Amino acid sequence: MKDLIRIRSLISADVESLLNQQVKKEATSSSIYLAMASWCNRNGFDYSSEYFFKQAEEERQHQLKFYKYILDMGGNAISPDVTGIKQEYNSFREVFEDALDQEVSVTQSIKNIYARCLSEQDYVTNEFLNWFLKEQREEEYKARRALELFEVIGEEGTGNWEIDKHVGKIKYDSEA
Amino acid sequence: MVTTLTTPQTNTWADVFATAKGAVYQSDADRCWYVDFAGKVAKFDYRCLLKLKKAVYNVNIEAKLLNVKDPDVEIIFICACDHTYILTLLQIIALKELLEGTFVMLQLNSILQDRLYRIAV
Ligand SMILES: [Fe+2]
Ligand SMILES: [Fe+2]
């Protein structure tokens, strides 16, 4: 008896479904960042707005990376529904707190897929995921750095204006 | 006219899994499975078999058992596949059992193929 399932697809049905969930997560991230870009723009934080526009675009690319990988491996990529995106924030700081929360949740989710792949010896997908693990290093660093600005600059007086200016300059360039 | 004789395609079905209520066979030549259940033999390719599994596993059997008002009938409709099942709750349980066994056997087959033919030892 032929192994018809394996012939059809490199990834297991379970991994495929986890990857599809991740597609949705990245799409959600992209939409969240877009909402943040809008809020920042409306409230006069132009550098942060620009920063979130870029992040939204990056998340879209992440979504496509997962999407195409599923298809390339013989799976069925599912275009996700994204609903319930928060549009209003109580403060400038809350925007960045939410951004960090979102990135932490993405990291945890990718770690979970990685663990699943290890358990079924799907090293091919693990190798694919390595890029994302490294990317999450950068994403968490940037989100954490943004929040740190609220501590080191402080929100009093022209603090938020100063913080906004510095958000535009956040960069991560570790060689490690 | 020259006819090239290749190895004869033995179009036989291999037993995958069977219960008292039904059976699943695999055809290597057609690259599909035949599900003998509820009085019919239905052909499923890989995608459709996964969809069938998902549809059946998604039926909340406990909730249905506890709900006396609900009609004791479930329609398993699989998008883009040719087959629809209209089943009673008991049949759903039997089909679920059949599919569970089937996927265990398919996975076992995969492991055997790995051990026997694919992995260098
Ligand atoms: Fe991402
Ligand atoms: Fe990034």
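Residues numbered from 1 in each chain as written. Chains lettered and ligands numbered in written order. Predicted model: local features only at pLDDT ≥ 70, side-chain atom pairs only at ≥ 80, totals over all residues. Heavy atoms only, no water.

With respect to the coordination of the iron ion (ligand 1)
Note on metal sites: the ideal angle is 109.5 degrees for four tetrahedral donors, and 90 or 180 degrees for six octahedral donors. Residue and element names in this part refer to chain A. Protein coordination at the iron ion (ligand 1): the donors are Glu26 (OE), Glu59 (OE) and His62 (ND1), at 2.1 to 2.3 Å from the metal. All donors of the iron ion (ligand 1) belong to a single chain; written as a sequence motif, their spacing is E-x32-E-x2-H. In this pair, Glu26 is assigned in helix H2 (residues 13–42) and Glu59 in helix H3 (residues 46–72), connecting sequence segments 33 residues apart. Assessed through its relative accessible area of 1%, Glu59 is described here as buried. (Donors = N, O, S within 2.8 Å, 3.2 Å for Na, K, Ca; no water. Helix = DSSP H or I, 4+ residues; strand = E, 2+ residues; numbered from the N terminus. Buried < 20%, exposed > 50% of the residue type's maximum accessible area, 1.4 Å probe, protein only.)

Quick word on the state of the cysteines
Residues and elements named next belong to chain B. Scanning the entire structure with this criterion turns up one disulfide over all chains. Here Cys32 stays unpaired: no disulfide links it, and the sulfur of Cys48, its closest cysteine neighbor, is 10 Å away. Classification of Cys32 as buried rests on a relative accessible area of 1%. (Disulfide = S-S within 2.5 Å.)

A short note on the coordination of the iron ion (ligand 2)
Residue and element names in this part refer to chain A. Coordination sphere of the iron ion (ligand 2), protein contribution only: Glu58 (OE), Glu135 (OE), Glu138 (OE) and Glu139 (OE), at 1.8 to 2.8 Å. Each of the four donor atoms bound to the iron ion (ligand 2) contributes to angles spanning 68 to 135°, and the resulting shape is irregular. Each donor residue of the iron ion (ligand 2) belongs to the same chain, with the gaps between them written as E-x76-E-x2-E-E. With Glu135 and Glu139 both in helix H5 (residues 123–153) and four residues apart, the pair spans about one turn of that helix. (Tetrahedral: all angles 85-135°; square planar, octahedral: opposite > 155°, others 65-115°.)

Some thoughts on the confidence of the model for chain A
It should be kept in mind that the predicted coordinates are not to be read in detail where pLDDT is low. Averaged over chain A, the pLDDT score is 95; the fraction of residues at 70 or greater is 100%. Across chain A, the element-wise mean pLDDT spans from 86 in helix H1 (residues 4–8) of chain A up to 98 in H3(A). (pLDDT = per-residue confidence, 0-100.)

Considering the pattern of salt bridges
A side chain with one charge can pair with a side chain of the opposite charge if their charged atoms come near. Residue and element names in this part refer to chain A. A complete count under the given rule lists 16 salt bridges over all chains for this structure. For Lys86, the salt bridge is made with Asp98, and the minimal N-O distance between the two is 2.9 Å. Here Lys86 is found in the loop between H3 and helix H4 (92–119), whereas its partner Asp98 is found in helix H4, with 12 residues between them in sequence. Judged by relative accessible area, Lys86 falls into the partly exposed class, the value being 36%. (Salt bridge = Lys/Arg side-chain N within 4 Å of Asp/Glu carboxyl O.)

Digging into unusual backbone geometry
Residue and element names in this part refer to chain B. A positive phi is found at Arg31, a non-glycine position, where the angle reads about 50°. One non-glycine residue, Ala38, lies in positive phi territory at about 55°. On the secondary structure map, Ala38 appears in the loop between strand S3 (32–37) and strand S4 (40–44). By relative accessible area, which is 38% here, Ala38 ends up partly exposed.

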